[in-house]
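Structural overview for review
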Amino acid sequence: MSIGSTLDRVDESTPTEQFIAWTVERFRNRRLVITTSFGMEGCALIDMYAAQGAAPTVVYLDTMFLFPETYALRDRMVQRYPLMTFVNRGTSLTPEAQEAIYGPELWQRNPDQCCHIRKVEPMRGALSGADVWVTAVTRSQGTLRSNMPLIAWDWQYQIVKVCPLANWDRPRVWQYVRDHNVPYNELHERGYPSIGCTHCTARVEGALPTHYTRAGRWRESEKTECGLHSESRP
Amino acid sequence: MAPKPESKVEVAKRNGRHLRGNIAETLASDATHFDGDDIHLLKFHGTYQQDSRDQRRELERAGQEKAYSFMVRVAIPAGAVTADQYLALEKIAGGLSDGTLRVTTRQGFQLHGVLKGNLKATIAGINQELLTTISACGDVQRNVMGCSAPLADADHASVRQVAETLARELRPSSHAYHEIWLDGQKQISSEHEEPFYGDRYLPRKFKTAVGLSIDNCVDIYSQDVGLLAVVVDGRIQGFNLLVGGGLGMTHNKGDTTARLAEPLGFLHTAHGVDAVRIVAAIFRDHGNRSDRRHARLKYLLAEWGIERFREEFQRRAPFRLAAAVPLPPLPFHDHLGRHRQPDGRSFYGVFIQSGRIVGNVKTALHEIVTRCRPGVRLTGQQNVLLTDLDATGIGIAECILREHGVTLPHELSAARRFSMACPALPTCGLAVAESERAIPAILDQFESELESLGLRDVPVTIRMTGCPNGCARPYTADLAFVGRTTSMWGGAWPAIAW
């Protein structure tokens, strides 16, 4: 039986490459969308789909608060994977307009609302028209993600959500990225394990690219998640 | 008073040489159907001869033969099959019947529209998968019900085990089934062939269920006999033995009635199987064999009263019954949606309208079962549980159901979620009105009415049957439709047209 045949069994132990091949075949006539913030996992995942000869649309959300290094990485990714279409579906609300409406430094006063405006809501648009949402989240990225299935119905966005790397961790991703010469954000080598917006991402002292932690995110608050991957079952 | 003569079916059974009749001969012939006593005997083998009710009058007018076909019923104790068995049944249904599988209200599967020429291959094919159709119908213990949810615990597991033991112990032991369907070596019928049932079997059908006081998903008070596990603090203390329930009745015959089972006593779990055997034996020896409308155990209970029945039971039992444990009204669960199993895995309950696995539900189930190889369990509410899934399996199941447009359980209105309907027209020979074909539209109306009253999520059980015999248990529902005709005799003609 060939890889990805419709009769293949799929479960937790299915090798990632085979699982990805299956998603490509199973959803052949559907619109697959990979969303990424250009973290190391996302870059690795894009490479894996490219390796299968698949070219799903890659959607990212430019929050207008990204690091210059992240924009540079985006450009390198676009160059490296010419068959893939990279689309920005970020908000059109400029930082100035946000300040005019919600007041200055919303990310400080109400980070949830800021995330909502700049990420959670735009994601709705990013996924509209898509049939399958592919993301690179892993269970090792925190307790809120620890039960992430490889594939599930996402109740928040009402779409099939696929997480091929659910069983991976950062050391394995790092190994993959090195082995396959996948572009990655240079900030990873400068103490930024998880990279979001400039205002809410801090350097973690002594952090190596081999280790993942969300300690640098929303350092001042209890918040650990922007809200894109929260499990909200009915 | 001289004893009344035995009914026609009793004679058929007695003359049938332990379920043989002329079935084998007719099966080998070109005939499109069976005649005479064989029609009764076939039921014990798990099949009903039927004809298309839609075409009956037209064919009759044209002077043609009825459009005969067979319903084949698989007896599955406590409703548990494997993924392979499910896929095999699906294939058999696809090749040899009308293509659909139907979950019965007793946790079995039914195939409809099997032509006589395919009957043997169908039954043989089912047996090849280590499933059986014997005693799924007929005057014997029918499919034994038991909660099929792979929930906690020793409790649910032991209930299933008792159900399986009962099914095995009270299965007819005649070799006829093997001879006819499985090409077994022919044997001479002897009086020792059925040590328990004898040559006339039971006076009528006999329905058994093993239930739990914490979850009455088997509708235990509607059964001829019930072993109701009394669960206290998560442990089974023993069984309340319930006897004399039954829902079948006949319109315009005031002495026929639906009846709830009543408690006979309390016993140790180890005596459960023997207790059912004793109740069945009392029924065998004292049940009415002259009038089939009064042949169910419930009429014996009504005639004797519970005290006399208990005396007879004690006379035969090597153990004493204690007083039945008083129980509050029993809760019941439909087990739909996602649930954790005690082993850390999960199961997912899928709603099946009227138990009919067809169209998008069929396609979705096929893919999930192929892809994830779950256990497949049937519930007494005609639904399917996909068991032993890991987190990804649950995810795949939900995605595939969604993709095929199957409504997920929590999106269903309560009215639809708890509804049930029997097959009725066009296949069932007893039907005098529509049921399965009519209920979807009626539920639509209920939904909008209840919605407008703000009662969308209030659980209400709505059930429908095409005749008063009650297989979808209308008399224990909150609200039910029971088919009847407009003719004053309550006969089978003309059926109400929709």
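Keep in mind that this is a model prediction, so the values were computed, not measured. Position labels on residues start from 1 in each chain and follow its written sequence. Whichever chain is written first is A, and whichever ligand is written first is 1; the rest continue in order. Under the rules for a predicted model, residues below a pLDDT of 70 receive no local features and side-chain atom pairs below 80 are neither given nor counted, while totals for whole chains, interfaces and linings still include all residues.

With that settled, the discussion passes to the overall build of chain B. Each helix is a run of DSSP H or I of at least 4 residues and each strand a run of E of at least 2, with the numbering of both proceeding from the N terminus. Looking only at helices and strands, chain B has 15 helices and 18 strands in total. Its C-alpha atoms give chain B a radius of gyration of 22 Å, within 12% of the compact-globule value 23 Å for 498 residues. Principal axes of the C-alpha set define a box for chain B whose edges measure 65 × 60 × 50 Å. Looking at chain B as a whole, 51% of its 498 residues are labelled buried. Residues are defined as contacting one another if the C-beta atoms placed from their backbone atoms lie within 7 Å. Nonlocal contacts in chain B, meaning residues at least 24 apart in sequence, comprise 67% of its contacts between residues at least 6 apart. C-alpha atoms define the radius of gyration in this analysis, and the globule rule sets the expected value at 2.2 Å times the number of residues to the power 0.38. As a rule, residues whose C-beta atom has 12 or fewer other C-beta atoms within 10 Å are exposed, those with 20 or more are buried, and those in between are partly exposed; C-beta atoms are placed from the backbone.

This paragraph deals with the overall build of chain A. From N to C terminus, chain A includes 7 helices and 6 strands. Counted from the first residue to the last, chain A has its helices and strands arranged as α-β-α-β-α-β-α-α-α-β-β-β-α. Taking 17 Å as the expected radius of gyration for a compact globule of 234 residues, we find that chain A reaches 17 Å, a close match to that expectation. If one aligns the C-alpha atoms of chain A with their principal axes, the spans along those axes are about 60 × 40 × 35 Å. Here chain A holds 234 residues, and 41% of them are scored as buried.

Per-residue confidence from the predictor is reported as pLDDT, a score between 0 and 100. Looking at chain A as a whole, the pLDDT averages 90, with 94% of positions reaching at least 70. In the model, residues 1-7 of chain A has pLDDT below 50 throughout and makes 10 contacts with residues more than four positions away in sequence or in other chains.

Right, let's get into the sheet that holds strand β16 (residues 420-421) of chain B. Residue and element names in this part refer to chain B. Within the open sheet, the 3 strands sit side by side as β16-β17-β18. Their pairing is parallel. What marks the edges here is a single partner per strand, and that holds for β16 and β18 (479-482). When DSSP finds two or more bridges between two strands, those strands count as paired. Summarising the sheet, β16 and strand β17 (residues 462-465) pair through 2 bridges and their orientation is parallel. The partner of alanine 421 across the bridge, within β17, is methionine 464.

Right, let's talk about the pairing of strand β11 (residues 337-340) of chain B for a bit. Residue and element names in this part refer to chain B. Examined bridge by bridge, β11 and strand β12 (residues 346-350) share 4 bridges and lie antiparallel to one another. Across the sheet, the residue bridging to arginine 338 is tyrosine 348, located in β12. Here β11 hands over to β12 after 5 residues, with glycine 344 in that stretch at a positive phi of 95 degrees.

Next up on the list: the pairing of β12 of chain B. The side chains of a regular strand alternate, first on one face of the sheet and then on the other. Residue and element names in this part refer to chain B. The buried count for β12 comes to 5 of 5 residues, which makes it a mostly enclosed element. In the sheet, β12 pairs with strand β15 (residues 384-389) via 4 bridges, with the strands oriented antiparallel. Looking at the pairing, tyrosine 348 lines up with leucine 386 of β15.

To continue, consider the interface of chain B and chain A. Across the boundary between the two partners, chain B contributes 15 residues, which contact 13 residues of chain A. Elements represented by at least two residues in the side of chain B that touches chain A include exactly α12 (359-372) and α13 (391-403) of chain B. Residues that form the side of chain B that touches chain A fall into these classes: 5 nonpolar, 5 polar and 5 charged. Under the grouping applied here, Gly and all other residues not named as nonpolar or charged are polar, the nonpolar ones being Ala, Val, Leu, Ile, Met, Phe, Trp, Tyr, Cys and Pro and the charged ones Asp, Glu, Lys and Arg.

The subject of this paragraph is the sheet that holds strand β2 (residues 68-74) of chain B. All names here are of chain B. Taken together, the 5 strands give an open sheet; going across it, the order is β1-β2-β5-β4-β13, and neighbouring strands pair in antiparallel fashion. Each having just a single partner strand, β1 (47-51) and β13 (356-357) make up the two edges of the open sheet. Taken together, the 2 bridges between strand β4 (residues 101-103) and β13 define a ladder with antiparallel strand orientation. Bridge pairing in β13 links leucine 101 to isoleucine 357. Lines fitted to C-alpha atoms define the axes here, with helix axes fitted over just the stretch in contact, and angles between the N-to-C directions of these axes take values from 0 to 180 degrees. Across the sheet, helix α6 (residues 116-128) touches β1, β2 and β5 (109-114), and the angle it forms with β2 is around 10 degrees.

Below, the discussion takes up helix α5 (residues 83-96) of chain B. Over its 14 residues, α5 of chain B extends 20 Å from the first C-alpha to the last, a length consistent with the 20 Å expected when each residue adds 1.5 Å. Of the residues making up α5 of chain B, those classed as buried are Ala83, Gln85, Tyr86, Leu89, Glu90, Ile92, Ala93 and Leu96 of chain B. Every helix has an expected span of 1.5 Å times one less than the residues it contains.

The next point concerns the confidence of the model for chain B. Across chain B, pLDDT averages 93, with 96% of residues at or above 70. A low-confidence stretch, residues 490-498 of chain B (pLDDT under 50), is modelled with 18 contacts involving residues beyond four sequence positions or located in other chains.

As a further point, take the packing of helix α2 (residues 40-51) of chain A against helix α7 (residues 170-179) of chain A. Residue and element names in this part refer to chain A. At a closest axis distance of 10 Å, the pairing of α2 and α7 adopts a crossing angle of 50 degrees. Classed by the angle they form, the pair α2 and α7 counts as oblique. For the element pair α2 and α7, the recorded crossing hand is left-handed. Taken together, the residues of α7 that come into contact with α2 (itself represented by Met40, Glu41, Cys43 and Ala44) are Val173, Trp174, Tyr176 and Val177. Looking at the contact of α2 with α7, its residues break down into 7 nonpolar, no polar and 1 charged. Any angle that falls under 35 degrees is termed roughly parallel, while one over 145 is termed roughly antiparallel, one within 65 to 115 roughly perpendicular, and all others oblique. Take the far helix as your reference; a near helix turned counterclockwise from it by less than a right angle gives a left-handed crossing, and one turned clockwise gives a right-handed crossing.

This part is about the environment of tryptophan 107 of chain A. Residues and elements named next belong to chain A. Within the secondary structure, tryptophan 107 is located in helix α5 (residues 106-109). In sequence terms tryptophan 107 and cysteine 163 are 56 residues apart; their C-alpha atoms lie 28 Å from each other. If sequence neighbours within four positions are ignored, tryptophan 107 has contacts with Cys114, His199 and Cys200.

Moving on to the packing of helix α9 (residues 272-286) of chain B against helix α11 (residues 306-316) of chain B. Residues and elements named next belong to chain B. Running from N to C, α9 and α11 point in directions that differ by 115 degrees, and their axes come no closer than 10 Å. Crossing angle aside, the handedness with which α9 passes α11 is right-handed. Along its contact with α9, which presents Ile278, Ala281 and Ile282, the element α11 presents Glu312, Phe313 and Arg316.

This part is about the nonpolar core. Residue and element names in this part refer to chain B. Counting residues in hydrophobic clusters, the biggest one holds 171 residues, and the most contacted among them are Val243, Leu386 and Ala397. Boundaries between domains were set according to an automatic or database domain assignment. Residues from two domains meet in this core; each of domain 1 (140-179 + 201-333) and domain 2 (337-412) gives at least three. Not counting the four nearest positions on each side in its chain, valine 243 is found in contact with Val225, Ala261, Glu262, Leu264, Val279, Leu297, Leu301 and Phe309. By our criterion, buried Ala, Val, Leu, Ile, Met, Phe, Trp, Tyr and Cys residues that link up through C-beta atoms within 7 Å make up a nonpolar core. Met420, Ala433, Phe446 and Cys467 belong to the second largest nonpolar core, which has 21 residues in total.

Residue and element names in this part refer to chain B. Domain boundaries assigned for chain B yield domain 1 (140-179 + 201-333), domain 2 (337-412) and domain 3 (416-482). Each of domain 1 and domain 3 has a C-alpha centre, and these two points are 26 Å apart. Contacts between the two partners involve 9 residues from domain 1 and, on the opposite side, 6 residues from domain 3. A breakdown of the residues in the side of domain 1 that touches domain 3 according to their chemical character gives 4 nonpolar, 4 polar and 1 charged.

Among the secondary structure elements, histidine 271 of chain B is positioned in the loop between β10 (262-267) and α9. You can call histidine 271 of chain B partly exposed: it has 19 C-beta atoms within 10 Å.

Residue and element names in this part refer to chain B. Going from leucine 425 to proline 426, the amide bond is cis rather than trans, its omega being 10 degrees. Summarising the element assignment, proline 426 is placed in the loop between β16 and α15 (439-452). One non-glycine residue, leucine 130, lies in the positive phi region at around 65 degrees. With respect to the helices and strands, the residue leucine 130 is situated in the loop between α6 and β6 (145-146). On the basis of neighbour count, leucine 130 is assigned to the exposed category, with 11 C-beta atoms found within 10 Å. Non-glycine residue aspartate 219 carries a positive phi angle of around 55 degrees.

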